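Listed below, chain by chain, are the residues.
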Amino acid sequence: MKKILLSLMLLVGLNASAQDTLSTNNAAINFDATSAGSPEKIEAISKQVKSKLVVKTGDFVFAIQMQSFEFEKSLMKDHFNENYVESTKYPRATFKGAIQDISKVNFSKNGKYPVVVKGIMDMHGVKKEVTSNGALTIAGDKVTASSSFKLLLSDFNIEVPPVVGDKLAKQATITVNATFNKK
Amino acid sequence: MNRYQLKKYLFLFALVILSSSSLFAQDDLLGSLEDEKPPREYARNAFKSTRVITAQSMEQLSKGVLDFRILHRFGRINSGAYEAFGFDQATIRLALDYGITDRLTVGIGRSSNRKEIDGFIKYRPIWQSNDGAPFSLLLTSGFVKDGLKWADPNRDNYPSSRYSYYHQVLVGRKFSDAFSLQLMPTLVHRNLVLTEEDKNDIISIGVASRLKLSNRLALTVEYFRHITDLPTGYYDPLSIGFDIETGGHVFQLHFTNSLGMNERSYLVGTDGQWSKGDIHFGFNISRVFTISKPKEFRKKKE
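The rules we used
Residues numbered from 1 in each chain as written. Chains lettered and ligands numbered in written order. Predicted model: local features only at pLDDT ≥ 70, side-chain atom pairs only at ≥ 80, totals over all residues. Helix = DSSP H or I, 4+ residues; strand = E, 2+ residues; numbered from the N terminus. Rg over C-alpha atoms; globule rule 2.2 N^0.38 Å. Buried ≥ 20, exposed ≤ 12 C-beta atoms within 10 Å, placed from the backbone. Contact = placed C-beta atoms within 7 Å. pLDDT = per-residue confidence, 0-100. Core = buried A, V, L, I, M, F, W, Y, C linked by C-beta atoms within 7 Å. Pairing = 2+ DSSP bridges. Axes fitted to C-alpha atoms, helices over the stretch in contact; angles between N-to-C directions.

Enquirer: Would you mind showing me how to read the overall build of chain B here?
Expert: Helices and strands together make up the secondary structure of chain B, namely two helices and 12 strands. Reading chain B from its N terminus to its C terminus gives the helix and strand order α-β-β-β-β-β-β-β-β-β-β-β-α-β. In terms of overall dimensions, chain B is more spread out than a globule: its C-alpha atoms have a radius of gyration of 27 Å, far above the 19 Å expected for 302 residues. By principal-axis analysis of the C-alpha atoms, chain B measures approximately 110 × 45 × 40 Å. Expressed as a percentage of its 302 residues, the buried residues of chain B come to 34%. Residue pairs at least 24 apart in sequence account for 57% of intrachain contacts in chain B once pairs closer than 6 positions are excluded.

Enquirer: Please clarify how the overall build of chain A should be interpreted in this entry.
Expert: Counting its regular elements, chain A contains two helices and nine strands. Order of helices (α) and strands (β) in chain A, N terminus to C terminus: α-β-β-β-β-α-β-β-β-β-β. Scored against the burial criterion, the 183 residues of chain A give a buried share of 29%. A separation of at least 24 residues holds for 58% of the contacts in chain A among residues at least 6 apart in sequence.

Enquirer: What is the right way to look at helix α2 (residues 74–84) of chain A in this model?
Expert: Because each turn of an α-helix spans 3.6 residues, side chains separated by three or four positions in sequence point in the same direction. All buried positions along α2 of chain A are accounted for by Ser74, Leu75, Met76, His79, Phe80, Asn81 and Tyr84 of chain A. Buried residues belonging to α2 of chain A abut β2 (43–54) and β4 (70–71) of chain A together with β1 (65–76) and β12 (280–290) of chain B.

Enquirer: Which parts of the structure should I look at to understand the confidence of the model for chain A?
Expert: Atom-level detail of predicted coordinates should not be read off regions where pLDDT is low. Averaged over every residue, the pLDDT of chain A is 89; the share at 70 or more is 90%. Segment residues 14–19 of chain A is flagged for pLDDT under 50; beyond a separation of four residues in sequence, or across chains, it makes eight contacts in the model.

Enquirer: What is the right way to look at the environment of phenylalanine 69 of chain A in this model?
Expert: Residues and elements named next belong to chain A. Within the fold, phenylalanine 69 resides in the loop between β3 (59–65) and β4. Taking the C-alpha atoms as reference points, phenylalanine 69 and isoleucine 29, separated by 40 residues in sequence, lie 8.6 Å from one another. Once you skip the residues sitting within four places of it in the chain, phenylalanine 69 turns out to touch Ala44, Ile45, Ser46, Lys77 and Phe80.

Enquirer: Whenever I open this one, the environment of serine 239 of chain B confuses me. Can you help?
Expert: Residue and element names in this part refer to chain B. In this fold, serine 239 is placed in strand β10 (residues 238–246). Accessibility expressed as a C-beta count within 10 Å gives 26 for serine 239, which makes it buried. Each C-alpha atom, one on serine 239 and one on phenylalanine 224, is 9.5 Å from the other, the two residues being 15 residues apart in sequence. Those residues in contact with serine 239, other than ones at most four positions away along the chain, are Ile53, Thr54, Glu222, His254, Phe255, Thr256 and Ser258.

Enquirer: Could you clarify how one ought to interpret the confidence of the model for chain B in this entry?
Expert: Residues and elements named next belong to chain B. In this model, chain B carries an average pLDDT of 90, and 91% of its residues clear a pLDDT of 70 or more. Contacts for the low-pLDDT stretch residues 21–26, under 50 throughout, to residues beyond four places or in other chains number six contacts. For this predicted complex, the interface score ipTM comes out at 0.74, alongside a pTM of 0.81.

Enquirer: Before we go on, may I ask you to explain the nonpolar core in this structure?
Expert: In globular proteins that are soluble, nonpolar side chains generally tend to be buried together. Of all hydrophobic cores here, the largest spans 43 residues; its most connected members are Ile29, Val61, Phe62, Ile64 and Phe80 of chain A. Among the secondary structure elements, those contributing two or more residues to this core are β1 (21–34), β2, β3, α2, β5 (92–99), β6 (111–123), β8 (142–152) and β9 (168–181) of chain A. Setting aside residues up to four positions removed in sequence, valine 61 of chain A forms contacts with Ser51, Lys52, Thr94, Phe95 and Lys96 of chain A together with Leu29, Leu30 and Leu33 of chain B. Grouped together as the second largest cluster of nonpolar side chains are 11 residues, Ala43, Phe47, Val52 and Ile53 of chain B included.

Enquirer: Looking at this model, I keep getting lost on the sheet that holds strand β11 (residues 249–256) of chain B. Mind explaining?
Expert: As a general point, the strands of a sheet are linked pairwise by backbone hydrogen bonds and lie either parallel or antiparallel. Residues and elements named next belong to chain B. Reading around the barrel, the 12 strands line up as β1-β2-β3-β4-β5-β6-β7-β8-β9-β10-β11-β12 and close back on themselves, with antiparallel pairing between neighbours. Strand-to-strand twist in this sheet, taken as the mean axis angle between neighbours without regard to direction, amounts to 20 degrees. The sheet contact formed by β10 and β11 spans eight bridges and is antiparallel. Counterpart to serine 239 in the pairing with β11 is threonine 256.

Enquirer: What should I look at first to understand the pairing of β8 of chain A in this one?
Expert: All names here are of chain A. Inspection of the sheet shows strand β7 (residues 126–139) paired to β8 by six bridges, in the antiparallel sense. Across the sheet, residue leucine 136 finds its bridge partner in β8, namely alanine 145. Taken together, β7 and the strand that follows it, β8, pair antiparallel across an intervening segment of two residues, in which glycine 140 is found at a positive phi of about 60 degrees. Sheet analysis places β8 next to β9, joined by 11 bridges and oriented antiparallel.

Take a look at the structure:
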């Protein structure tokens, strides 16, 4: 009985360590929604993105507090939070998905591995499937996941009034950069 | 199995349960990113502008932002068709406000009415947030300097007689995205008053509110009730207006019984009465410029 229990515990323990979940609180997301020919850039950056990556399965998630986006002009930030993403109603945006070809990535060998990420983007109360090309870069103890993809604002019920149409594009380019430490 | 062994097995059993439950937690990877407590977020945009209509609002300029304000009040609507219901006369105040920090704003202005120059400093020691104070508290102090020529150049005139001062406490709360309310106890001190009966210190308490009708349109109202007596022939100011936002501008359109656009002139110098139709149409235009950018945008990385 004792032996069974002990081996069971050992098994569970091994299993847990094999999960090897990498995590960071300082991933970066920036977006650019500048319309062609706009006199000012509509772009923002946040470096307070939480992210996790499970080495074995490729499961990948991130969550961002919408108010953490910083803009060049504070008025843009006000309008972004109040008129577009309504961040008091929808404070967070999240992504839950997986890196499709994680088995090709050798985490112990330095290099840049092209990957495909697929998952559900949840923003402004709307869930939508997103597939995007990205890369995993292994450099010593550092694992960097990066990807850039386009989102149609209308897919997320974010309206662009005609009056700002010459500045604000109908789609935004989102760039995600998450650096994890293996240790 | 003795009691000791039983205890040991129970302990091991508990360990297994615990470690397997941690495995279950792994399944919800996204859930594990949930904050134990949500990060602090300060209440912003309780009002569209740093002024409700004429009075200071509980909003401040962000750090590094310059606000150029153009204020107009036309003549009285009851002045009749000959005066185009007030549009033939216009009084203006031009002003520049600047945000030194997110909590500290300073400003200067010049009014055509009595050729007054005014300046103020506005500080926010308490800022409403989701996990902190349920309200914001701001302190404003300022001066107004009269610029008219001396009424009687032959008597002893002192430069200090031109000055008035004011101190204001703003206590406000953004109750929801749509509704904000603030109270404004205010003291105006005039160094020189017209008659012996007039008081140098006038205390009043104001109330102001904003109700959003849509994302870009809001209804605003502000009213001050005097506590110490106002000079004869002067009344409490009441203003009702709309805030309209278009990109970098905020237009504030309103009706008011006050011609004044600084604290002395609207708190102590309002000689119109709503009941008699002494109503002025007016508008404020606020245009903000970002002078100092946030650190993320100072250097362009290419």
